[in-house]
Amino acid sequence: MTAQILDGKAILATIKEELRGRVAVLAERGITPGLGTVLVGDDPGSTWYVGAKHKDCADIGLSSIRRDLPASSSLDDVLAVVRELNADPACTGFLVQQPTGLDENRILAEVDPAKDVDGLHPTNLGWLVLGQEAPLPCTPVGVVELLRRYDVPIAGARVVVVGRGITVGRPLSLILTRRSENATVVQCHTGTVDLAAEVRRADIVVAAAGVPGLITGSMVKPGAAVLDVGVSRVVEDGKSVIAGDVAADVAEVAGWVSPNPGGVGPMTRAMLLTNVVEIAEKQAGLR
Ligand SMILES: Nc1nc(=O)c2c([nH]1)NC[C@@H]1CN(c3ccc(C(=O)N[C@@H](CCC(=O)O)C(=O)O)cc3)C=[N+]21
């Protein structure tokens, strides 16, 4: 058996098409949603992500505002730009690309929660815990949306989330255990005693540990869905390439696999666009 590919790139294209319709409705009311990005320094990976987000915006008719700051910027410099974007009506939502090398929690807390397209402001994470609607983090919702688009059963599924990071693992477990998803979640982390035994019981495995090749074929239940969120950089044949958390042999055992690149990464961008449009709709009184 060979696994079905969960093609995040294709779903990104579909979601962009769906969003163009909603952007047109906003345009009739004279509204153009605008995404702001704040990038600190010139890390090639971060620079690529930010560039891709602006290209995505242009693709569906959103405006975008880009603030690139030097690596030498202080926390106060970044906070000043955050306050400027909070006050800018052309910027309906924005994010500060991580990592900044600065106090991320301090930066996140300064963002207007109503403009928090990353869903990472402490208030919005709090609303998630409390079960009240608010912007949600892009990568975890992207994971759920990818499963939905391929009809992978979620309700009642045993899900193993590997990783407890604030951008993926932790909020993903909270999302999957809502009544609307109804999955049973085991959250694994570096303190987990027998990761293979936990993974073997799972109908869905989401690998968000940042450890290249952590999940191997022998750990996976035949027919399970395995999603790879890992984005480590490793040097292969003298070239820097992306290494996911899921080993290649998983595709021989799993029922579904997300490729990497081409899986969860594009879904993160799709959910970011969705958050930008949704926040603009809310501001326009359309939701
Ligand atoms: N405030 C903040 N928000 C983020 O959403 C955020 C962040 N900081 N910091 C870094 C991570 C990482 N991230 C990705 C986005 C898109 C791809 C993506 O589209 N990757 C493509 C191409 C990968 C390639 O070939 O380089 C793919 O997987 O097919 C990956 C990773 C967003 N992040």
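Everything numeric here is computed off the predicted structure, so don't read it as measured data. (Residues numbered from 1 in each chain as written. Predicted model: local features only at pLDDT ≥ 70, side-chain atom pairs only at ≥ 80, totals over all residues.)

1. Observations regarding the environment of I5
- Tracing the backbone shows I5 in strand β1 (residues 4-5).
- Taking the C-alpha atoms as reference, I5 lies 9.8 Å from A225; in sequence the two are 220 residues apart.
- What I5 contacts, discounting residues up to four positions off in sequence, is V257 and P259. (Helix = DSSP H or I, 4+ residues; strand = E, 2+ residues; numbered from the N terminus. Contact = placed C-beta atoms within 7 Å.)

2. A look at the packing of helix α1 (residues 8-28) against helix α9 (residues 264-283)
- Interhelical geometry of α1 versus α9 gives an angle of 10 degrees and a closest axis separation of 9 Å. When the axis of α1 is compared with that of α9, the two are roughly parallel. Of the residues in α9, those in contact with G8, K9, I11, L12, I15, K16, L19, R22, V23 and L26 of α1 are V264, G265, P266, M267, R269, A270, L273, T274, V277, A280 and E281.
- Across the contact of α1 with α9, the residue classes tally to 13 nonpolar, three polar and five charged. (Axes fitted to C-alpha atoms, helices over the stretch in contact; angles between N-to-C directions. Parallel < 35°, antiparallel > 145°, perpendicular 65-115°, else oblique. Nonpolar A, V, L, I, M, F, W, Y, C, P; charged D, E, K, R; others polar.)

3. Focus on the UniProt feature "binding site: NADP(+)" (unreviewed entry) in the protein chain
- UniProt's feature table lists "binding site: NADP(+)" (unreviewed entry) at G163, R164, G165 and V231, given in the numbering used throughout.
- Within the secondary structure layout, R164 lies in the loop between β5 (158-162) and α7 (169-176).
- For R164, a count of 18 C-beta atoms within 10 Å puts it in the partly exposed group.
- Apart from the residues within four sequence positions on either side, R164 is in contact with G169, R170, Q187 and H189.
- Following the sequence through the fold, G165 ends up in the loop between β5 and α7.
- Taking the C-beta count within 10 Å as the criterion, G165 has 15 such neighbours and is therefore assigned partly exposed.
- Filtering out sequence-adjacent residues up to four positions away, G165 remains in contact with R170 and A208. (UniProt positions renumbered as here; feature names shortened; annotations may be inferred. Buried ≥ 20, exposed ≤ 12 C-beta atoms within 10 Å, placed from the backbone.)

4. Some thoughts on the UniProt feature "domain: Tetrahydrofolate dehydrogenase/cyclohydrolase NAD(P)-binding" (unreviewed entry) in the protein chain
- Under the local residue numbering, the UniProt record ascribes the feature "domain: Tetrahydrofolate dehydrogenase/cyclohydrolase NAD(P)-binding" (unreviewed entry) to residues 137-283.
- Structurally, residues 137-283 comprises 31% helix and 20% strand, and the distance from its first C-alpha atom to its last is 19 Å.

5. Details of the site of the ligand
- In the neighbourhood of the ligand, 17 residues make up the surrounding shell, with L95, Q98, P261, G262 and G265 lying closest.
- Mapped by element, the contributors of at least two residues to the shell around the ligand are α2 (44-60), β4 (93-96) and α9.
- With four residues, the top contributor of residues to the shell around the ligand is α9.
- Grouping the amino acids of the shell around the ligand by side-chain chemistry returns ten nonpolar, five polar and two charged. (Near = placed C-beta within 6 Å.)

6. What to know about the sheet that holds β4
- Spatial strand order, β3-β2-β4: three strands in an open sheet with parallel pairing. The strands lining the two open edges of the sheet, one partner per strand, are β3 (63-69) and β4. In this sheet, adjacent strand axes meet at a mean angle of 15 degrees when their direction is disregarded.
- Of the strand pairs in this sheet, strand β2 (residues 34-40) and β3 are connected by seven bridges, and their pairing is parallel. Looking at β3, one finds that G36 is bridged to I65. (Pairing = 2+ DSSP bridges.)

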